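# Structural features, examined
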Amino acid sequence: MVDTCEELSRLATYLGVSCGKISFDGKEKVPVLKVQNNSNPKGLVTVAKYLTRSSQHADALLGATQEDKAAVDQWLEYRVTHIDRSTQDKDVTSCLKELNQYLADKVYIMGNWLTLADILLYNGLVKIVGGLTFYEKETFVNLSRWFDNIQHQTAVRQTLELVPFQRNQLYRGVKVH
Amino acid sequence: MGFGDLKSRAGQQALDAFVADKSYIEGFQPSQADVVVFAALSQPPPADLPNALRWFNHIKSYSDAEKKGFGGQKKDLATYGPGGDAKPGKDDDDDDDDIDLFGSSDEEEAAEVAALKQKRLEEYSAKKAKKPTVIAKSNIVLDIKPLDDETDMAEVEQKVRTIAMDGLLWGAAKLVPVAFGIKKLQIAMVVEDAKVSVDDITEKIEADYEDYVQSVDIHLFQKI
């Protein structure tokens, strides 16, 4: 399980906003942001979007048009519902397969530019991708490519460790998902 | 090495393989490298090269102004792509292969070693020459049987002793009774193996003194 509070404070650093106090609500198992007007957004996606909207990069990271906004939202939801809630290996694998297929013709989740969707999906997948073998990374080649690209944006990765990616001649011709 | 001719199918395939795990030609953000390679492609890669197409569309999404703002420097097209940066591991392998495990590394050293070897050989052969060679000798006792019982054994002995050869030394002799009053002569001799052949002596005795000697046998043959 990703430490969502840490993730959100990393996001705040990336965005260049002060994150204030982020605490973890044990009962609902969600991070809560303490805000001045006491509206206290709850939940990873909610807090993330709140922080992003309060930054300068809102349009770029959340999507400029309505369609883009909807698409980004969809992926943010995907992070919470599919990745975070995957308990079994086969669920995780099916997520990775889906993402791999989706990313075949895209450099970023939204296509050609970095959005909040990339950041949150990266954070959600760090532990999972870090645990893949080189063979598995070869089978999810598009996912690996996308992940490698995101993690090398130091502002996004910050203090996390780099996951190594290496193409291996032995795996040439391996069946890609 | 580069991609080769990017207008050809082979070049585009090389590009496709290259960008399969990379979002950009160099590094992790768009740079002039992408601009250079993009310019080399006159049209989008075909759909059966999905990675190349993806990369192409991505770079295409940037405006010309943005493209100008990419970092890096424009280099020759041939420097980009597979094999453009030399694999560091390969050089190490070559070094390992070059090291001759069993050969001497220095020519000077080899000359020194050869000189030392020669000196040692000379010392050895000199030492060997000083040592007196041991001459191989044998102690042989011959059984000489007379022709008949009336042969004078003393005479036989005398005659045998007249056989003189270089390296032959007669020793003691004695008479050994055989049967019916016949005695055989047992005579010892010391022979230098290199100089004297025992067969020669026995033959000589048998030939020269036919009248006296019936046969000659070797009773004892000892190497000294």
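Residues numbered from 1 in each chain as written. Chains lettered and ligands numbered in written order. Predicted model: local features only at pLDDT ≥ 70, side-chain atom pairs only at ≥ 80, totals over all residues. Heavy atoms only, no water.

### Digging into the overall build of chain A
Scanning chain A from terminus to terminus reveals nine helices and two strands. Taken across its 177 residues, chain A has 49% of its residues classed as buried. A separation threshold of at least 6 residues defines the contact pool for chain A, and within that pool the share at least 24 residues apart is 64%. (Helix = DSSP H or I, 4+ residues; strand = E, 2+ residues; numbered from the N terminus. Buried < 20%, exposed > 50% of the residue type's maximum accessible area, 1.4 Å probe, protein only. Contact = heavy atoms within 4.5 Å.)

### A closer look at the packing of helix α4 (residues 66-84) of chain A against helix α5 (residues 89-102) of chain A
Residues and elements named next belong to chain A. It is the contact of α4 with α5, at a shortest axis distance of 11 Å, that shows an interaxial angle of 155°. As far as their axial angle goes, α5 and α4 are roughly antiparallel. Residues W75, Y78, H82 and I83 of α4 form the contact with α5, whose participating residues are C95, E98, L99 and Y102. Residue composition of the contact of α4 with α5, grouped by class: six nonpolar, one polar and one charged. (Axes fitted to C-alpha atoms, helices over the stretch in contact; angles between N-to-C directions. Parallel < 35°, antiparallel > 145°, perpendicular 65-115°, else oblique. Nonpolar A, V, L, I, M, F, W, Y, C, P; charged D, E, K, R; others polar.)

### Quick notes on helix α6 (residues 116-130) of chain A
Residues and elements named next belong to chain A. Compared with the 21 Å implied by 1.5 Å per residue over 15 residues, the 21 Å span of α6 between its first and last C-alpha is a close match. Along α6, the sharpest change in direction is near 40° and occurs at G124. Here α6 has its buried residues at L116, A117, D118, I119, L120, L121, Y122, N123, G124, L125, V126 and V129. (Expected span 1.5 Å × (residues − 1). Bend = angle between axes of the 7 residues up to and from the residue.)

### What to know about unusual backbone geometry
Positioned with a positive phi, A:Q158 is a non-glycine residue whose angle comes to about 55°. Locating A:Q158 in the fold gives a position in the segment after α9 (154-157). The backbone of B:F180 sits at a positive phi, close to 50°, despite the residue not being glycine. By the element assignment, B:F180 lies in the loop between β2 (168-179) and β3 (182-192). Assessed through its relative accessible area of 80%, B:F180 is described here as exposed.

### What to know about the nonpolar core
Core analysis: the largest hydrophobic core is formed by 71 residues, its most contacted members being A:L51, A:L99, A:L125, A:W146, B:L15, B:I25 and B:W55. Take this core: its biggest share by element is nine residues, from α6(A). If you look at the next biggest cluster of nonpolar residues, it comprises 20 residues, including B:I140, B:M153, B:L168 and B:M189. (Core = buried A, V, L, I, M, F, W, Y, C linked by side-chain atoms within 4.5 Å.)

### Here we look at the pattern of salt bridges
Residue and element names in this part refer to chain B. Considering all chains together, one arrives at 16 salt bridges over all chains under this definition. A salt bridge links K22 to D21; its shortest N-O distance comes to 2.9 Å. Across the pair K195 and E192 runs a salt bridge whose closest N-O atoms are separated by 3.1 Å. Accessibility expressed as a relative area gives 14% for E192, which makes it buried. Sharing partners across several salt bridges, the network here consists of D166, E192 and K195. (Salt bridge = Lys/Arg side-chain N within 4 Å of Asp/Glu carboxyl O.)

### Remarks on the interface of chain A and chain B
Listed by partner, the interface residues are 16 residues for chain A and 15 residues for chain B. Scanning the region where chain A abuts chain B turns up zero salt bridges. Counting the contacts that link chain A with chain B gives six residue pairs in polar contact (both at pLDDT 80 or more). Considered class by class, the residues forming the side of chain A that touches chain B number five nonpolar, six polar and five charged. (Polar contact = N/O pair within 3.5 Å; in protein donor to acceptor, adjacent residues only side chain to side chain.)

### Remarks on the environment of A:H152
Mapped onto the fold, A:H152 is located in the loop between α8 (141-151) and α9. Along the chain, A:H152 and A:V163 lie 11 residues apart, while their C-alpha atoms are 9.8 Å from each other. Excluding residues within four positions of it along the chain, A:H152 makes contact with A:L162 and B:F28. A distance of 2.9 Å separates a polar atom in the side chain of A:H152 from the backbone oxygen of A:D148.

### As for the sheet that holds strand β1 (residues 137-146) of chain B
Think of a sheet as strands paired side by side through backbone hydrogen bonds, with each pair either parallel or antiparallel. All names here are of chain B. One open sheet holds the four strands; their spatial order is β2-β3-β1-β4, and the pairing between them is antiparallel. Looking along the sheet, the strands with just one partner apiece sit at the ends: β2 and β4 (213-223). The sheet shows a mean angle of 20° between the axes of neighbouring strands, taken without regard to direction. Relative to β4, β1 runs antiparallel, the two sharing nine bridges. (Pairing = 2+ DSSP bridges.)

### Here's the deal with the packing of α5(A) against α6(A)
Residues and elements named next belong to chain A. Between α5 and α6, the shortest axis-to-axis distance is 12 Å and the interhelical angle comes to 130°. Judged by the angle between their axes, α5 and α6 are oblique. Crossing angle aside, the handedness with which α5 passes α6 is left-handed. Note on element contacts: α6 touches α5 through L121, L125 and I128, opposite V92, L96 and L99. Here the residues of the contact of α5 with α6 sort into six nonpolar, no polar and no charged. (Left-handed = near helix turned anticlockwise from the far one by under 90°.)

### Some words on the confidence of the model for chain A
In the predicted model, chain A carries a mean pLDDT of 86, and the fraction of residues at 70 or more is 94%. At the level of individual helices and strands, chain A shows its lowest average pLDDT in strand β1 (residues 21-25) of chain A, which scores 83, and its highest in α8(A), which scores 92. (pLDDT = per-residue confidence, 0-100.)

### Looking at helix α8 (residues 198-208) of chain B
All names here are of chain B. Along α8, the residues classified as buried are V198, I201, T202 and I205. Buried residues of α8 fall within an arc of 95° about the axis and therefore sit on the same side. Seen from the buried face of α8, the exposed residues on the opposite side, beyond 90 degrees, are D199 and E203. Packing partners of the buried residues in α8 comprise β1, α7 (153-162), β2, β3 and β4. (Arc of directions from axis to C-beta.)

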